[in-house]
Structures are given as C-alpha cells and as structure tokens.
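Overview (structure and organization)
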Amino acid sequence: MKTISVKGVAKPISVLMKGSDYFTNDSYERAAANLDAFLAAGGNAIDTAHIYCGGQSEAVIGRYMEERGNRSDIVILTKGSHHDESGPRVNAEAIRSDLLTSLERLRTDHIELYALHRDDHSVPVGAIVEALNEHIEAGRIGAIGGSNWTWQRLQEANDYAAAHGLTGFAFSSPNLSLAKAKEPFWTGCVSADEETLRWHEREQLPLFSWSSQARGFFTGRFGPEDTSNADLVRVFYSDANWERLRRAGELAAEKGVSTIQIALAYVLNQPFPTCALIGAQNPGELSSCRDGVEIALSPAELAWLDLQAETR
C-alpha cells in the first residue's frame, strides 16, 4: 500500500488509516479480525482516541497488539483533550492525564501520532505547544497534530514553535471529502475549505481526513428524496453535492471503478500528503478502499469533480 512520511515518525504511514470508534471489549474478536485483515491488505496505521467507546477502543487495540506481538509494525494515531460536560479541556493537565491513560490502555510507552481532539481558542497556542513538547522530549510522542484545528491556529502554533526552538505540529486531521459539509458534524469540528487546502499545499503539511468518504454519501444508497439519515441530510444534502455525486459516478463509469472509490481517490490525490481514515468493517469494504488507493486523478479531474471547472 502507498505510504506517506511524517516528521517525527520513523515508520512509513499507510495512506489508509483503520478507524476504531466501534471497538469494544465485548466485540474484541470482531475488532481483531478487522485489524488482521487491514494489516494483511498492507495497512499499518490505526486511528483511535481517548474518548472512543469510553476508552474501550484504545484498550482493544492494546490487547490486540500485545496478543499478536506486532506493536513494532503498527503506527498509532490517538487523540486527547476532547471537551467534556464541563467544557473545553485543552490545557497541560488534561493533555498529560489523557495521554498517560491512553498509553496505559494501549499497553505501550509511546504513540507515533498524537493529536488534540479539539481546540480552545481562548488558550494561547504557546502554552499548548510547550505542554506537548514536554511529552515529545520524554519520548511519549513522536509527532503532534491538531484534529479539528483551523489552519490559522496551526500556523500560529508552528510560528511559535519555530521562534522558540520547539517542535511544531506535523499533521492536521480535519474532515475532507468530495462532498462538502454545510455545517459541522459535531460541536468544534472543522472541515477543510478551499483556504485550508491551499495552506496545506503551500506548507505540504500532511492531512488525515476523517469521514473521508462522506459517511456513505457516495455509496448510492441515498438520494435527494431519502431523508432517513438526519445527520447526512443536515451536513451533506445540497444541490452542489448532488452534482459532485453525479460527476463522481460519471468518472467512475469511465474508469471502471465505483463511485465511492472516486470519492476516496479525491482525498488521496490532493497536491500534498494525505491519509484517509476509513471505517471498513467487512472484506468488501476493505477491498474497495484498498483498490481505491491505486486510482490516479489528474488536477483537471480533481477540479472538475469539485465543481471548479466545467470540463476536464
């Protein structure tokens, strides 16, 4: 499988990252089988978070790696400092608490990719960068990133790091998909807009996209008259996205692939390094994603799919 590099991580990182927000202790065997299949398909990166399934996702991954003895083969992306019922938690104390808990659950002493799950604009970026650098220096973290951070805050953080001899953010993880979100999925979520994409191209900062295939929008199961999925309607139902779906289907037919594979290829063919977080839970979905990695799209095709050109 194709890979990218991230500064601070020695291992190559597969462009597909296995999502794990359904991993629970009661379904361990299913999760383990999914991970076995993902690794067999050439993937090596697993996405999780401190809050997923109340901590069970990380615990399942930790058990899996210990039982298989394959920790050295795997790149872990986990996230911390999500808000709770009391509000934002992007501070040194929360970072330390969540990180140490994640390490214990994952049964490891280091995490290759560590992201702050949300941002808190009331906290100066300098304090955040300094707190994260303590854990880099201690060997607990390889590279740091922001999940649902704006490009402006990422730039501010990296400017601070450069000015103070510290390690800056090496990746970002917003939503990026061919279907454009009309509003945030959940409070504090960020979707990549045109300014964000231009910034990533200038900086060549890797982007790890969640909901990279728009939560099933491109599967063919939905249409304008089907309002059964309220979240999909709220976030993705728009005339522009229906046209993107139509164009993706047209291009898919020409290339002999599926529409959802074109949607995945859109994410993976950006002019900067990208990875797609995928939720494949069965052999068919995994095979579709694996084959989608190999689809090449030209800049003209990308622009046409995104309604920025009338022809390609």
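Heads up: the structure comes first, above all this text.
Okay, the overall build of the protein next. Scanning the protein from N- to C-terminus turns up 11 helices and 10 strands. Whereas a compact globule of 312 residues would reach a radius of gyration of roughly 20 Å, the protein reaches 19 Å, a difference of no more than 12%. Seen through its principal axes, the protein has C-alpha atoms that stretch 50 × 45 × 35 Å. Going through the 312 residues of the protein one by one, you find that 55% of them count as buried. Counting every atom, the protein has about 13100 Å² of accessible surface; 49% of that belongs to carbon and sulfur.

With that settled, the discussion passes to the layout of surface pockets. Quantified by volume, the largest pocket comes out at close to 1000 Å³. Asp21, Ser211, Arg215, Ile278 and Gly279 are, among the 37 residues lining the largest pocket, the residues nearest its centre. The greatest single-element share of the lining of the largest pocket, amounting to 3 residues, is contributed by helix α10 (residues 283-292). As a volume, the second largest pocket reaches approximately 250 Å³. Taken together, 14 residues make up the lining of the second largest pocket; nearest its centre are Lys7, Thr167, Gly168, Phe169 and Ala170. Looking at the lining of the second largest pocket, the elements that each hand over two or more residues are β7 (141-147), α5 (151-163) and β8 (169-173). For the lining of the second largest pocket, the residue count by class is 8 nonpolar, 5 polar and 1 charged.

On inspection of all chains with the given rule, the structure shows 1 cavity of 30 Å³ or more. The computed volume of the largest cavity comes to approximately 40 Å³. Split into classes, the residues belonging to the lining of the largest cavity amount to 2 nonpolar, no polar and 3 charged.

In this structure the tally under the stated criterion is 22 salt bridges. Across the pair glutamate 112 and lysine 11 runs a salt bridge, and its minimum N-O distance is 2.9 Å. Here the residue glutamate 112 occupies a position in strand β6 (residues 111-116), and lysine 11 occupies one in the loop between β1 (3-4) and β2 (13-14), the gap between them amounting to 101 residues. Put simply, Glu243, Arg246, Arg247, Glu250, Glu254, Glu310 and Arg312 are held in one network by salt bridges that share partners.

Taken as a whole and judged by the stated rule, the model has 13 aromatic pairs. Ring centres of phenylalanine 171 and phenylalanine 208 lie 4.8 Å apart, and the angle between their planes is 25 degrees; this geometry places the pair in the stacked category. Taken as a pair, phenylalanine 171 in strand β8 and phenylalanine 208 in strand β9 (residues 207-209) lie far apart in primary sequence, 37 residues in all. Phenylalanine 171 gets classed as buried once you look at its relative accessible area, which sits at 0%. A relative accessible area of 0% places phenylalanine 208 in the buried class. Taken together, Phe185, Trp186, Trp210, Phe217, Phe218, Phe236, Tyr237 and Trp242 form an aromatic cluster joined through their ring pairs. Sitting over the ring of tryptophan 149, arginine 153 keeps its end group 5.3 Å from the ring centre.

Moving on to α5. Every α-helix carries 3.6 residues per turn, so stepping three or four residues along brings you back to the same face. Between its terminal C-alpha atoms α5 stretches 18 Å, which fits the 18 Å expected from 13 residues at 1.5 Å a residue. Check the buried side of α5 and you find it contacts α4 (125-137), β7, β8 and α6 (194-203). Positive backbone phi, at 65 degrees, marks glycine 165, one or two positions downstream of α5.

Looking only at α10, the buried set comprises Leu286, Ser288, Cys289 and Gly292. Along the long axis of α10, the arc covered by the buried residues comes to 160 degrees, so they all point the same way. Buried residues along α10 sit in contact with β3 (16-19), α1 (28-40), α9 (259-268) and β10 (274-278).

Quick look at the environment of glutamate 67 now. Looking at the element boundaries, glutamate 67 is found in helix α2 (residues 56-68). Considered as a pair, glutamate 67 and alanine 32 are 35 residues apart in the sequence and their alpha carbons are 9.9 Å apart. Among the polar contacts listed, one links the side chain of glutamate 67 to the side chain of tyrosine 28, at a separation of 2.8 Å. In terms of polar contacts, glutamate 67 uses its side chain to reach the side chain of arginine 63, at 2.8 Å.

This part is about the nonpolar core. One finds Val6, Ile13, Leu113, Phe208 and Phe218 to be the most contacted residues of the largest nonpolar core, which totals 62 residues. Take this core: its biggest share by element is 8 residues, from α9. If we ignore the near neighbours within four places in the chain, the residues touching phenylalanine 218 are Leu178, Ala179, Gln213, Arg244, Leu245, Ala248, Thr259, Ile260 and Ala263. One finds Ile74, Trp149, Trp151 and Ala161 within the second-largest nonpolar core, a separate group that totals 38 residues.

Thresholds, definitions, all that
Residues numbered from 1 in each chain as written. Predicted model: local features only at pLDDT ≥ 70, side-chain atom pairs only at ≥ 80, totals over all residues. Heavy atoms only, no water. Helix = DSSP H or I, 4+ residues; strand = E, 2+ residues; numbered from the N terminus. Rg over C-alpha atoms; globule rule 2.2 N^0.38 Å. Buried < 20%, exposed > 50% of the residue type's maximum accessible area, 1.4 Å probe, protein only. Areas by Shrake-Rupley, 256 points an atom, 1.4 Å probe, with all protein chains shown as cover. 1 Å grid on protein atoms, 1.4 Å probe; cavity = no way out; pocket = protein on both sides within 12 Å on 5 of 7 lines; lining within 4 Å. Points joined across faces, edges and corners; volume = space filled by probe spheres on them. Nonpolar A, V, L, I, M, F, W, Y, C, P; charged D, E, K, R; others polar. Salt bridge = Lys/Arg side-chain N within 4 Å of Asp/Glu carboxyl O. Phe/Tyr/Trp six-rings, centres within 6.5 Å; stacked < 30°, edge-to-face > 60°. Lys NZ or Arg CZ within 6 Å of the ring centre and 35° of its normal. Expected span 1.5 Å × (residues − 1). Contact = heavy atoms within 4.5 Å. Arc of directions from axis to C-beta. Polar contact = N/O pair within 3.5 Å; in protein donor to acceptor, adjacent residues only side chain to side chain. Core = buried A, V, L, I, M, F, W, Y, C linked by side-chain atoms within 4.5 Å.

Any functional reading would require information beyond the geometric quantities listed.
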